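Each chain, written out:
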Amino acid sequence: DQVYAAMHSALKLDSAAKISFVKLEKYQYSLPEVKSDAKEKIAVIIGEGEIVDDSGDKETIYGDAMAATIRKARMDKDIKAIVLRINSPGGSALASDVMWREVTLATQEKPVVASMSDVAASGGYYMAMGCTKIVAKPNAITGSIGVFGILLNAESFLKNKMGITSDGVKTGLFSDVGDPTRTLSEYERKAIQQEVQHTYDDFVAKAAQGRRMTTDSLKKLASGRVWSGVQAYENGLVDELGGLQDAIKIAASLGNLTTYQTVYM
């Protein structure tokens with residue numbers, strides 16, 4: 001209420017008068033484009049939200065779409081460096097791996113700098129770990145190098161609370177794995193846990209490769225442990241502390257750029 005009162009006072013309006021607001025997303029497109037004579041560019045690619053396999057929206061990161069954007073920046077000859085701005089708690093392991101692959105391909109051709117915002121954990125860290133350099137806010141939440149899987153078993157709930165039981169016909173021994181109306185067999189539990197372990201081992205190995213650590217050293221920082229940006233820097237999970245502008249400057253330095261345009265993708 002004090003903010004609105006200050007606005008009314010600054011505009012010399014009666015306290016009951018209506019103020020006409022313009023939303024940021026509309027206002028930013030009304031601004032004149034900043035022109036630069038520099039042909040060389042630094043691309044800033046923003047990834048914000050949960051990481052998903054299927055179609056995403058403005059509040060999620062769609063793995064295939066993000067990978068395509070990174071690929072586009074990699075193939076653009078005028079783009080000399082890439083900054084990947086990450087604000088994500090993670091999500092799909094497959095989508096994270098798809099983006100990691102594109103990041104590693106891009107680093108073979110030009111510098112790629114990760115800029116961690118408030119959160120870059122689990123899949124968010126997966127996105128960053130293949131980059132040339134990683135820059136994090138001091139109070140960022142990062143790390144969480146770990147994997148888990150969840151399957152719903154509603155058999156007792158359906159039977160005891162709603163009086164519903166189920167049966168079925170299947171053509172293969174494991175054709176109904178994941179059916180929420182029955183308990184997993186011991187073999188199925190072990191098979192699924194084996195897949196989770198495989199995904200975790202792959203995550204750790206790629207993180208160790210990206211951070212130039214031994215697998216054993218990386219494991220001491222993994223197992224789902226969460227770190228602040230400062231702690232991640234001290235443990236070698238990130239290279240520098242700073243914000244987006246710092247990451248852009250580092251990308252310019254790595255790309256040997258003195259004049260450049262910053263383009264958002």
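Residues numbered from 1 in each chain as written. Predicted model: local features only at pLDDT ≥ 70, side-chain atom pairs only at ≥ 80, totals over all residues. Heavy atoms only, no water.

Caption draft 1: Spatial organisation of the side chain of Arg74. Along the chain, Arg74 turns up in helix α3 (residues 63-75). When residues no more than four places from it in sequence are discounted, the contact partners of Arg74 are Ile82, Glu102, Leu105, Ala106, Glu109 and Lys110. (Helix = DSSP H or I, 4+ residues; strand = E, 2+ residues; numbered from the N terminus. Contact = heavy atoms within 4.5 Å.)

Caption draft 2: Region of the structure containing helix α7 (residues 186-211). Here α7 spans 37 Å end to end across 26 residues, near enough to the 38 Å set by a 1.5 Å rise per residue. Of all the residues in α7, the buried ones are Glu188, Val196, Tyr200, Phe203, Val204, Lys206, Ala207, Ala208, Gly210 and Arg211. Turning to α7, the residues buried within the fold contact α4 (93-107), α5 (123-128), β6 (133-136) and α8 (215-219). Among the residues trailing α7, Arg212 stands out with phi positive, at a value near 55 degrees. (Expected span 1.5 Å × (residues − 1). Buried < 20%, exposed > 50% of the residue type's maximum accessible area, 1.4 Å probe, protein only.)

Caption draft 3: The arrangement of the nonpolar core in detail. Counting residues in each nonpolar core, the largest one holds 42 residues, and the members touching the most others are Met66, Leu84, Met116, Met127, Ile145, Leu218 and Leu237. Of all the secondary structure elements, the ones that give two or more residues to this core are β1 (41-48), α3, β4 (79-88), α4, β5 (112-121), α5, β6 and α7. Contact partners of Leu237, with chain neighbours within four places excluded, come to Tyr125, Ile134, Ile145, Arg211, Met213, Leu218, Leu221, Trp227 and Ala232. Core analysis: the next-biggest nonpolar cluster, separate from the first, contains twelve residues, Ile42, Ala81, Val135 and Ala251 among them. (Core = buried A, V, L, I, M, F, W, Y, C linked by side-chain atoms within 4.5 Å.)

Caption draft 4: Expanded view of the pairing of β6. Across four bridges, the pairing between β5 and β6 is parallel. Bridging from a neighbouring strand, Met116 pairs with Ala136 of β6. Following the backbone out of β5, through α5 and into the adjacent parallel β6, one traces a crossover that is right-handed. For β6 and strand β9 (residues 240-241), the ladder comprises two bridges, and the chain directions are parallel. Across the sheet, Val135 pairs through a bridge with Glu240, a residue of β9. (Pairing = 2+ DSSP bridges. Right-handed = clockwise from strand over helix to strand, strands pointing away.)

Caption draft 5: Structural view of the environment of Asp216. Here Asp216 shows up in helix α8. Residue Asp216 is classed as exposed on the basis of its relative accessible area, which comes to 56%. For the pair formed by Asp216 and Val112, sequence separation is 104 residues and the distance between their alpha carbons is 26 Å.

Caption draft 6: Geometry of the packing of α3 against α4. With their axes 8 Å apart at the nearest point, α3 and α4 run at an angle of 5 degrees to one another. What the angle tells us is that α3 and α4 run roughly parallel. In contact with Gly63, Asp64, Met66, Ala67, Ile70, Arg71 and Arg74 of α3, α4 contributes Ala95, Val98, Met99, Glu102, Val103, Leu105 and Ala106. By residue class, the composition of the contact of α3 with α4 is nine nonpolar, one polar and four charged. (Axes fitted to C-alpha atoms, helices over the stretch in contact; angles between N-to-C directions. Parallel < 35°, antiparallel > 145°, perpendicular 65-115°, else oblique. Nonpolar A, V, L, I, M, F, W, Y, C, P; charged D, E, K, R; others polar.)

Caption draft 7: Representation of the pairing of β4 in the model. Extensive coverage of β4 is indicated by the burial of nine of its ten residues. When β1 meets β4, the two strands line up parallel, connected through eight bridges. Across the sheet, the residue bridging to Ile45 is Leu84, located in β4. Pairing of β4 with β5 involves six bridges; the strand directions are parallel. In the strand pairing of β5, Leu84 is matched with Ala114. Taking the sense of rotation as the criterion, the β-α-β connection linking β4, α4 and β5 turns out right-handed.

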